[in-house]
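Structural features, examined
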Amino acid sequence: MPARPYTPGVDTTLQDPLVGRELDGRYQVRSRIARGGMATVYLALDTRLDREVALKVMHAHLADDEQFTARFVREARAAARLSHPNVVQVFDQSSDDSLLYLAMEYLRGRTLREVLTERRVLTPREALTVIEPVLDALAAAHRIGIVHRDVKPENVILTDEGRVKVADFGLARAVTANTSTVGVLLGTVAYLAPELVLRGVADTRSDVYAAGIMLFEMLTGRQPFTGDVPIQVAYQHVNEQVPAPSTVAPGLPPALDEAVAAATARSPDDRPDDADEFLVAVRAARTGLTPAELDARPAPPPLPTSPAAPSATGAPGGAPLSTDTETFQMAPGTPQHTRALPELASGHAGHRQATPLAAGLPVGERDDLLPPTGSEEAELAAMLRRRRTIGLSALLTVLGLALVLAVSAWYFSTGPGAYTRTPRLAGLTVDQARAELTRQGLRSTEQDVFNDTAVGGTVVDTDPASGQDVRKDGAVRLKVSRGPARVKVPPVVGKQEADARKALAGAYLTVRDVKQVFDDNVPRGQVMQTDPGDGQQVDNGTPVILTVSKGPKPVDVPYLIGKAQDESEATLASLRLAVRYTEAKNDDDVPAGAVLAQNPRTGTLLPGQTVTLTLSKGPVMVPVPDVVGKQFDQANRILSDAGFQVRRIALFGGIFGTVRFQDPRNGTAPKGSVVTISLV
């Protein structure tokens, strides 16, 4: 719960008996933060964990009710299971003597209501920055079966650290335990979904409706429906469509109008199913807005002309109608269109009492103020009274008749009774049908249907049907063809993947996955197989798995340097690689006919690609000079000049220095090789 600053004046904390008390031997109550119609919130210290917490202590009339207590415990446990960064965490739930309380996360910040009171209207960027984490929190709750039931700015906290938190999950549901469910409306009236007003039934779509109203309020600075008493506002929720925000704040982008319209549709079936789905729509709307559109601040609505003038929330001076749960009772058996005057829960900001009226007479005119009958004065007074009563009755009759005529004229001209005819839209595309409805001042919703003959994306029918009555500001549901319910998988084997996808989409099928495999015979990118297979009858929208060729599988290039030519060719042929030769070169180390070089030396190639080989011609061969019979110095010089190395062997001491033998003596030898000479 947020920390709230104290208002200078009387210190109500000193008058509160709970301040200074320790609950359950654990929570030291330090000060009172706020008081509402359902509970009082205190700042307390959790002595066990040495941290500040917010204690929400239920009022005695609720805590004394056994049914409420049981339900409160169940809802508190459910809320405690909801762990999300945008949810005010519930730490503990317990009771001390007759006090039933929740221990919750204590936050320093302000409620969204306080921000709106100060700033009045937010830019689209600011509004979306608030509503997205709110929807994220609600979506987390909806996924585990928790419906908030009381989404409103008072329950949205903007912390000093810039986080957005949603509070009071489950408490609205718990409060219904202490009253009959017949004729009870629970939740702040400005955010009540129509189904809550009519049937008292709430689900995830009721939270979506309230979030849509809250988004409308942030964008425009006012709530869509106003009234002097809550029943007037509730009536409008049931019978009127929430206006587009741009009609209140001109210049707002159409994408925001569409998001609000989707969330606040009067029929729950026409809204997003849950907060997660609405969050997707909100984020999609944001992505379509330019920075200028996001940061444009709409002009706020005019302030009330006097402090007593009703604000958009139904409270004087712009104050919210309620800072907590508003509960009002409809008498059992009363028709839905004539509800009893609501009685607001006490203790709220902006609280006011219904004005008392004497039954059938103006205030102050009562029989017990007349003199006793039997005297002339009494008879005169009785006569005057009868004349006044007759005159008043006549006046009221005339005024009532005029009011009925005026209301009837409004009802059948521009009000709920004003109707027009549904245009003929069958055969048009969705965009064309929308444009036609907009031209005639009507709104549209869409419903996908299967149709064996109509092209997908075209309108096959409407609700109301063509030519039937529809309210002038009403909505027409477009029934849009999704194609036939059963379709054949088209033949796409042999097509390129992109062409196969187009063919499947044209047959109202989707691609779920693409498996890529190597194949030596099927070109890369070509479809080899589908699952389900070509020609099979399947449901419209069935996902299809494509098997697409990656072409031949690459092979590793073998290392062939030093290997014989015939061995190298055999190796390359086994890998289905081609061979090409460059001019052979001499090499002192690689034997003639062996591979001296290759390109590429490493890596991979596809079958059919070429490896280039260079063969060795062996070392350079030169003639060997004959030096037998020559002296050593001369022989050594001749052999060295020819490019040979000389090895000397002395026979019998080699005392004469004459070459007697040489090896090799004739023919050729590799240049640089050794010639051995023997001396005598």
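Structure report, in brief. Everything numeric in this text was worked out from a predicted model, so none of it was measured.

For the rest of this paragraph, the subject is the overall build of the protein chain. The helix and strand tally for the protein chain stands at 17 helices and 32 strands. Classification of the 680 residues of the protein chain by burial places 42% in the buried group. At a minimum sequence separation of 6, the contacts of the protein chain that also span at least 24 residues come to 67%. Accessible surface for the protein chain amounts to roughly 35,100 Å². Of this, 53% is attributable to carbon and sulfur atoms.

If you trace the three strands from one edge of the open sheet to the other, you get β24-β27-β25, paired in mixed fashion. In this open sheet, the two strands that pair with only one neighbour each are β24 (578-586) and β25 (595-599). With strand direction ignored, the average angle separating the axes of adjacent strands in the sheet is 25°. Bridging between β25 and strand β27 (residues 610-618) involves four bridges; their strand directions are antiparallel. Bridge pairing in β27 links V595 to L615.

Our next topic: the packing of aromatic side chains. Scanning the entire structure with this criterion turns up one aromatic pair. Aromatic pair Y27 and Y101: ring centres 5.8 Å apart, planes at 80°, arrangement edge-to-face. Taken together, the residues Y27 in strand β3 (residues 27-35) and Y101 in strand β7 (residues 99-105) connect sequence positions 74 residues apart. By relative accessible area, Y27 is classed as buried at 1%. Over the face of the ring belonging to F91 we find R51, whose NZ or CZ atom lies 3.8 Å from the ring centre.

Turning our attention to the pattern of salt bridges. Counted under the stated rule, the structure contains 33 salt bridges. E105 is paired through a salt bridge with K165; the nearest N and O atoms lie 3.3 Å apart. In this pair, E105 is assigned in strand β7 and K165 in strand β10 (residues 164-166), connecting sequence segments 60 residues apart. The pair E105 / K165 is uniform in exposure class, with both members buried. The closest approach of N and O atoms between D431 and R434, which form a salt bridge, is 3.1 Å. Here D431 pairs with R434, and both are found in helix α14 (residues 430-439), just three residues apart, close to one helical turn. By relative accessible area, D431 is classed as exposed at 55%. On the accessibility criterion, R434 (35% relative accessible area) is partly exposed. Overlapping salt bridges bring together R26, D46, R51 and D92 as one network.

Take the environment of V73 next. Checked against the element boundaries, V73 lands in helix α2 (residues 66-80). What makes V73 buried here is its relative accessible area of 17%. A C-alpha to C-alpha distance of 7.2 Å links V73 and Q93, two positions 20 residues apart in sequence.

Pairing in this open sheet of six strands is antiparallel, and the strands run β2-β3-β4-β5-β7-β6 from one edge to the other. One side of each edge strand has no neighbouring strand; the edge strands of this open sheet are β2 (22-23) and β6 (90-96). Where strand β5 (residues 51-58) lies against β7, five bridges are found, and the strand directions are antiparallel. Each bridged residue has a counterpart across the sheet, and for L55 the counterpart in β7 is A103.

Further remarks concern unusual backbone geometry. Across the junction of D463 and P464, the peptide omega takes the value 0°, indicating a cis bond. Positionally, P464 belongs in the loop between β15 (459-463) and β16 (469-471). Residue P600 follows N599 across a cis peptide bond; omega there is 0°. With respect to the secondary-structure elements, P600 resides in the loop between β25 and β26 (604-605). Here the phi dihedral of D24 falls at roughly 55°; this positive angle occurs in a residue that is not glycine. Looking at where D24 falls in the secondary structure, it is placed in the loop between β2 and β3. Unlike most non-glycine residues, R576 shows phi in positive territory, near 60°. Its place among the elements puts R576 in the loop between α16 (565-574) and β24.

Moving on to the environment of V455. Relative to the helices and strands, V455 resides in the loop between β14 (443-449) and β15. Of the residues examined, V455 reaches a relative accessible area of 57% and is grouped as exposed. If sequence neighbours within four positions are ignored, V455 has contacts with S481 and Y508.

Counting 77 residues, the largest nonpolar core has I131, L135, F169, M218 and F278 as the members making the most contacts within it. Residue contributions to this core peak at 11 residues, all from helix α4 (residues 124-143).

Rules of the game
- Residues numbered from 1 in each chain as written.
- Predicted model: local features only at pLDDT ≥ 70, side-chain atom pairs only at ≥ 80, totals over all residues.
- Heavy atoms only, no water.
- Helix = DSSP H or I, 4+ residues; strand = E, 2+ residues; numbered from the N terminus.
- Buried < 20%, exposed > 50% of the residue type's maximum accessible area, 1.4 Å probe, protein only.
- Contact = heavy atoms within 4.5 Å.
- Areas by Shrake-Rupley, 256 points an atom, 1.4 Å probe, with all protein chains shown as cover.
- Pairing = 2+ DSSP bridges.
- Axes fitted to C-alpha atoms, helices over the stretch in contact; angles between N-to-C directions.
- Phe/Tyr/Trp six-rings, centres within 6.5 Å; stacked < 30°, edge-to-face > 60°.
- Lys NZ or Arg CZ within 6 Å of the ring centre and 35° of its normal.
- Salt bridge = Lys/Arg side-chain N within 4 Å of Asp/Glu carboxyl O.
- Core = buried A, V, L, I, M, F, W, Y, C linked by side-chain atoms within 4.5 Å.

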